[in-house]
Structure formats: structure tokens, C-alpha cells
Amino acid sequence: MDFLKELTAGDNHAGADLVANWYHRNLIIFQNLIQVTNFEAAEERILIIYGQGHVKYLRDLLQESPYYEYVEVNDYLQQP
């Protein structure tokens, strides 16, 4: 996160705000997933498609959650 040094000047915490907003956005995405999940279903599959920048954070949240099993989509796609 070296880029944060360039985003900060004096009392300006733009870099910290940028990262905080990024985490906030990922938590909202995860919260939306919880809202659409049918926890009553015996087995439910949900495909989540997001940009590369969100994958690491969403993967971490899913893997830490006792309610979800994270599976890479590449496990289901045919390889040429």
C-alpha cells in the first residue's frame, strides 16, 4: 500500500479514507449476499461475479463465514 503515502498531506487522510471506503464497499457486497441467501434451502448455489479488485476481500469474507463454502468458478468451467 505504498500509494497511500502519496495520497496523504498534513491532515489530509485521503489514502486511509480510500481504503476504508473500499472495505466498506466489500462489506456491503457481502451483506447483500447474506440478504439474498436462502438459509432454509438444503443446498443452494450462488454465483457471484465481481471485478478482480473485490475477489480477495470477498473470498476472505466467504471463507471465514460458517454459512458459505467458497468454490472457484474455474473448478466448474471446461478447460480448452
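Residues numbered from 1 in each chain as written. Predicted model: local features only at pLDDT ≥ 70, side-chain atom pairs only at ≥ 80, totals over all residues. Heavy atoms only, no water.

Undergrad: For this particular structure, what's the right way to read the overall build of the protein chain?
TA: Counting secondary structure elements, the protein chain contains three helices and two strands. In sequence order, the protein chain lays out its α and β elements as α-β-β-α-α. Counting the 80 residues in the protein chain, one finds 16% classified as buried. A sequence separation of at least 24 residues applies to 50% of the contacts in the protein chain between residues at least 6 apart. (Helix = DSSP H or I, 4+ residues; strand = E, 2+ residues; numbered from the N terminus. Buried < 20%, exposed > 50% of the residue type's maximum accessible area, 1.4 Å probe, protein only. Contact = heavy atoms within 4.5 Å.)

Undergrad: Got a minute to help me understand the packing of helix α2 (residues 14-36) against helix α3 (residues 52-64) in this structure?
TA: A pair of packed helices is captured by two measures, namely the crossing angle of their axes and the spacing between those axes. Relative to each other, α2 and α3 sit at 55°, their axes nearing to 10 Å. Considered as vectors, α2 and α3 are oriented oblique to each other. Along this stretch, α2 crosses α3, giving a crossing that reads as right-handed. The residues of α3 that touch α2, namely those facing Trp22, Tyr23, Arg25, Asn26, Leu27, Ile29, Phe30 and Leu33, are Gly53, His54, Tyr57, Leu58, Leu61 and Leu62. For the contact of α2 with α3, a count of residues per class yields ten nonpolar, three polar and one charged. (Axes fitted to C-alpha atoms, helices over the stretch in contact; angles between N-to-C directions. Parallel < 35°, antiparallel > 145°, perpendicular 65-115°, else oblique. Left-handed = near helix turned anticlockwise from the far one by under 90°. Nonpolar A, V, L, I, M, F, W, Y, C, P; charged D, E, K, R; others polar.)

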